[in-house]
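A structural walkthrough
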Amino acid sequence: MTSPASGRADPGTRARPTTPAGPRAAVSPATLRRLELAAGGIAGACLAAMDRRQPWFRKLPAALRSGVQLVTQTGVANFVGWLVATGAGHPTAPATDPPAAGPGSVRPRRGRPDGVQADDTRPEDAEPESAGAGSGSVRLTAEAFRIAPRDLARRLTLRQTVELVRVATDVLEERLPPLAADDAEFRVLSEAVLRFGREVAFAAATAYAGAAEDRGAWDARLEALVVDGVVRGDAGDELISRASALGWDPAGAVRVLVGSPPAEHAAERLGELRRRAGRAGRSVLVGAQGNRLVVLLSCAGDGEPDTGPGNGDRSGDRPGDRHGDRHGDRNGDGLDAVLAALALDFGDGPLVVGPLAPDLATAHASARDALAGLRAAPGWPEAPRPVPADELLPERAFSGDAAAHRRLVETIVAPLADAGGELLRTLAAYLEGGSSLEGCARTLFVHPNTVRYRLRRVSELTGRTPTDPRDALVLRAALLAARMARAEAGPEASGEPAARPPDAP
């Protein structure tokens, strides 16, 4: 430093040409040597302070503690090299042998003919081999984190790492400046400790950011594999293991949603879909497969019936509905609201919701029904969005879905056959007679009130109202599916009564 009165160098510093930014003292080679010799003791003091000031540090396994020790020792050893790289060290130090420089260090800047010394570290003045003081300091400080064990970044949180960096910086502030030869070097070392601590903190954040990016890419691949496995019907241990690695509960109930992916800003829309599900207390696994988007949605699966998407609270109108599964699973947090929110982040077109699966291993059935519903959805242009796959049973049956044929027979024809053949005959006569109450009564030779009672029983047992146009289509498709199944199996294969009036030929 120069005296304001005389312009001469203070004792202990070497005279240097001044620059517009002001002169800065350099650390002498003797001080650098003292720093090198004290590096081991300072690193040990850092570890002792960490053990004393951070109770959780004492509980770390020996492998992690040794990893922290390695990072600390490397960081302290690189401090001298960092001083040279940033211009605070002696500018005439040999470029081929920088003190304590690691593999990521840079050579100190050589003197320039215009008299500007190495401490004037402006990026635009950096020589090609140096790449500037800023990049050199980053490489030097990041070197400690590159040699650290991989488990260190996984087992220690970023907050814990910052706390350790703070402890190490406090020790450096306490132990390094007293090694200076004079007041000028003391100020230089004090400032250098603060700057070095900042660079180390940024290097730690960069290391954790890189680890988070790698983890995110790996999670995305695992997520795609899990979704693909569910669609293909894999139910082995590999699927369960991958889902568990993603934090998914394989024993939890799940629904499969299938629609089209968003056409614009897909990454942002899918991120918002995940956030909407998280706010509703649900977990999702998302997989984009060409022109379709498959989403696995976690459900409580407590066995209580839930309001189905697009059905309002119709289950309350059917106290005898044995097949409330098609209405969803009442979880208390509003499945309708959750599905409506998630639908906002799908692309245009139909969105089909598969039935509830009790766990991930059986989720293929939900995915199969949802995909079949998506293929058949054009047959019902006025379908709600989202629409349950079981609401598309007629369209699925007409498209050749054998599972829809069986589902129609099991959920509609079988309950009516178990209750007695009169209900089936009455339903067939009513639908095939143009949905005329009086005409059905004349065909069956019964009173119209008897027809009303039987149709009400049909509604209670199937959850479908024969007087509703859409439900009438589903009921008639079920009757056709039963007749075709009986014809294929032979007359003796089924004990179901014929769905026709008794006087029919």
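The following paragraphs examine the structure supplied in this document. (Residues numbered from 1 in each chain as written. Predicted model: local features only at pLDDT ≥ 70, side-chain atom pairs only at ≥ 80, totals over all residues. Heavy atoms only, no water.)

1. Structural notes on the pattern of salt bridges
Tallied over the full model, the rule gives 24 salt bridges. With its nearest N and O atoms 2.9 Å apart, the salt bridge here joins Asp390 to Arg407. Within this pair, whereas Asp390 is found in the loop between strand 5 (387-388) and helix 12 (393-398), its partner Arg407 is found in helix 13 (residues 402-419), the two being separated by 17 residues in sequence. By relative accessible area, which is 23% here, Arg407 ends up partly exposed. Across the pair Arg470 and Glu395 runs a salt bridge, and its minimum N-O distance is 2.8 Å. Separated by 75 residues along the polypeptide, Arg470 in helix 17 (residues 469-489) and Glu395 in helix 12 bring together distant segments of the chain. Of the residues examined, Arg470 reaches a relative accessible area of 16% and is grouped as buried. One connected set of salt bridges, linked through shared partners, spans Arg269, Glu272, Arg275, Arg276, Arg279 and Asp345. (Salt bridge = Lys/Arg side-chain N within 4 Å of Asp/Glu carboxyl O. Helix = DSSP H or I, 4+ residues; strand = E, 2+ residues; numbered from the N terminus. Buried < 20%, exposed > 50% of the residue type's maximum accessible area, 1.4 Å probe, protein only.)

2. A short note on helix 15 (residues 437-444)
Residues of helix 15 that are buried include every one of Leu437, Gly439, Cys440, Ala441 and Leu444, and no others. Those residues of helix 15 that are buried lie in contact with helix 14 (421-432) and helix 16 (448-462). Capping the start of helix 15, Ser436 holds a side-chain oxygen 3.1 Å from the backbone nitrogen of Gly439, two or three residues further along. In the stretch just after helix 15, Phe445 is the one whose phi turns positive, near 60°. (Contact = heavy atoms within 4.5 Å. Polar contact = N/O pair within 3.5 Å; in protein donor to acceptor, adjacent residues only side chain to side chain.)

3. Concerning the sheet that holds strand 2 (residues 284-289)
Two strands in a sheet stick together by hydrogen bonds in their backbones, pointing the same way (parallel) or opposite ways (antiparallel). Taken together, the five strands give an open sheet; going across it, the order is 2-3-1-4-5, and neighbouring strands pair in mixed fashion. Two strands bound the open sheet, and with one partner strand each, they are strand 2 and strand 5. Where strand 4 (residues 352-353) meets strand 5, two bridges bridge the pair, whose relative direction is parallel. By the bridge assignment, Val352 is partnered in strand 5 with Val387. Packing of helix 9 (residues 266-279) onto the sheet brings it into contact with strand 2 and strand 3 (292-299), and relative to strand 2 it is tilted by some 155°. Sheet contacts for helix 11 (residues 363-376): strand 1 (253-259), strand 3 and strand 4; angle to strand 1, the most-contacted strand, approximately 25°. (Pairing = 2+ DSSP bridges. Axes fitted to C-alpha atoms, helices over the stretch in contact; angles between N-to-C directions.)

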